[in-house]
Amino acid sequence: MFEPPVQRLVDELARLPGIGRKSAQRLAFHLLNVEEADAKRLGNAIIEMRQQVRLCRRCFNVTAGDECSICADPQRDPTAICVVERAQDISVLERTQEFTGRYHVLGGSISPIAGIGPDQLRIRELVDRIDLEGVKEVIVATNPTVEGDTTALYVARLLKPLGVTVSRLASGLPVGGDLDYADEVTLGRALAGRREL
Ligand SMILES: [Zn+2]
């Protein structure tokens, strides 16, 4: 439809989440008209992010070092872990300023339909952290979806025999949505009003 170099970029942009065909075309033609230095900066930002960012060896948050800034912070309470599906959920929860412990990123949720079982998630690694870090409380902040609830119950059943208090975010979150659809006031209340599983 377009000249091959333009079409290649349109195709790549259209593969991004939330970007439709029309938006991809608009972005591609926008980039065609910006200063070359601006376009280069965008390209480099993508390449450098991929080269420099890896996963925290403790919680699997994204980090530029060995451990993420939250795990490395001596002010954080090591006895409390908040379990999330994705690394980007951490920033949403951090904005509430309600939680002072560390996190654990599962990498998704249990979904038989999508063929994702507990073994595909970092649940084993979570269990290992309980003893290793002297964890006493685990708050499961998976998404308020069927998959998120299933995952929360699975984690609770696994951890409770280890003497850990396992709780889930209180209701009030938009059901079926992602955590980042919630505003920080609602999410802060959900954290404060968490109930034991
Ligand atoms: Zn970490």
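The rules behind the values
Residues numbered from 1 in each chain as written. Predicted model: local features only at pLDDT ≥ 70, side-chain atom pairs only at ≥ 80, totals over all residues. Heavy atoms only, no water. Axes fitted to C-alpha atoms, helices over the stretch in contact; angles between N-to-C directions. Helix = DSSP H or I, 4+ residues; strand = E, 2+ residues; numbered from the N terminus. Parallel < 35°, antiparallel > 145°, perpendicular 65-115°, else oblique. Left-handed = near helix turned anticlockwise from the far one by under 90°. Contact = heavy atoms within 4.5 Å. Nonpolar A, V, L, I, M, F, W, Y, C, P; charged D, E, K, R; others polar. Core = buried A, V, L, I, M, F, W, Y, C linked by side-chain atoms within 4.5 Å. Buried < 20%, exposed > 50% of the residue type's maximum accessible area, 1.4 Å probe, protein only. Donors = N, O, S within 2.8 Å, 3.2 Å for Na, K, Ca; no water. Tetrahedral: all angles 85-135°; square planar, octahedral: opposite > 155°, others 65-115°. pLDDT = per-residue confidence, 0-100. Arc of directions from axis to C-beta.

Student: Which residues make up the packing of helix 1 (residues 4-14) against helix 2 (residues 21-33), and what are the values?
Tutor: With their axes 8 Å apart at the nearest point, helix 1 and helix 2 run at an angle of 130° to one another. The angle between helix 1 and helix 2 falls in the class oblique. Read as a crossing pair, helix 1 and helix 2 show a hand that is right-handed. Facing Val6, Gln7, Leu9, Val10, Asp11, Leu13 and Ala14 of helix 1, the residues of helix 2 in contact are Arg21, Ala24, Gln25, Leu27, Ala28, Phe29 and Leu31.

Student: Give a detailed account of the packing of helix 5 (residues 123-133) against helix 6 (residues 146-159), specifying residues and quantitative values.
Tutor: At a minimum axis distance of 11 Å, the contact between helix 5 and helix 6 shows a crossing angle of 35°. Where helix 5 crosses over helix 6, the two elements pack in a sense that is right-handed. Residue-level inspection shows Ile123, Leu126, Val127 and Ile130 of helix 5 in contact with helix 6, the latter providing Tyr154, Val155, Leu158 and Leu159. The class makeup of the residues in the contact of helix 5 with helix 6 is 8 nonpolar, no polar and no charged.

Student: Describe in detail the nonpolar core, supporting the description with residues and values.
Tutor: In this structure, Cys82, Val84, Leu93, Phe99, Tyr103, Ala141 and Leu169 are the most contacted members of the largest nonpolar core, which totals 23 residues. Of all the elements in the fold, those that place two or more residues in this core are strand 3 (77-84), helix 4 (88-96), strand 4 (101-105) and helix 7 (184-192). Aside from chain neighbours lying at most four places away, what touches leucine 93 is Cys82, Val84, Tyr103, Ala141, Leu179, Leu187 and Leu191. Of all hydrophobic cores here, the second largest spans 18 residues; its members include Ile110, Val135, Ala156 and Val164.

Student: Could you give me a rundown of the coordination of the zinc ion, with the residues and numbers involved?
Tutor: Those donors, Cys56 (SG), Cys59 (SG), Cys68 (SG) and Cys71 (SG), are the protein atoms that reach the zinc ion, and they lie 2.2 to 2.3 Å from it. Considering all 4 donor atoms around the zinc ion, angles at the metal cover 104 to 119° and the coordination shape is tetrahedral. The sequence motif formed by the donor residues of the zinc ion is C-x2-C-x8-C-x2-C. Placement of the pair is cysteine 59 in the loop between strand 1 (54-55) and strand 2 (62-63) and cysteine 71 in the loop between strand 2 and strand 3, with a sequence separation of 12 residues. Using a relative accessible area of 1% as the deciding quantity, one classes cysteine 59 as buried. Residue class for cysteine 71 comes out buried when judged on its relative accessible area of 3%.

Student: Describe the side chain of threonine 151, listing the residues and the values that go with them.
Tutor: One can find threonine 151 in helix 6. Look past the residues within four positions of threonine 151 in its chain and what remains in contact with it is Leu106, Ser109, Ile110 and Thr142.

Student: Pulling in residues and values, what's your account of the confidence of the model for the chain?
Tutor: The pLDDT averaged across the chain works out to 91; a share of 96% of its residues lies at or above 70. Helix 7 is the least confidently modelled element of the chain, averaging 78 in pLDDT, while strand 4 averages 98, the highest of any element.

Student: Explain helix 7 residue by residue, including any values.
Tutor: Every α-helix carries 3.6 residues per turn, so stepping three or four residues along brings you back to the same face. Of the residues making up helix 7, those classed as buried are Leu187, Gly188, Ala190 and Leu191. End-on view of helix 7: buried residues confined to an arc of 160°, all on one side of the axis. Seen from the buried face of helix 7, the exposed residues on the opposite side, beyond 90 degrees, are Arg189 and Ala192. Elements in contact with the buried residues of helix 7: helix 4 and strand 5 (137-140).

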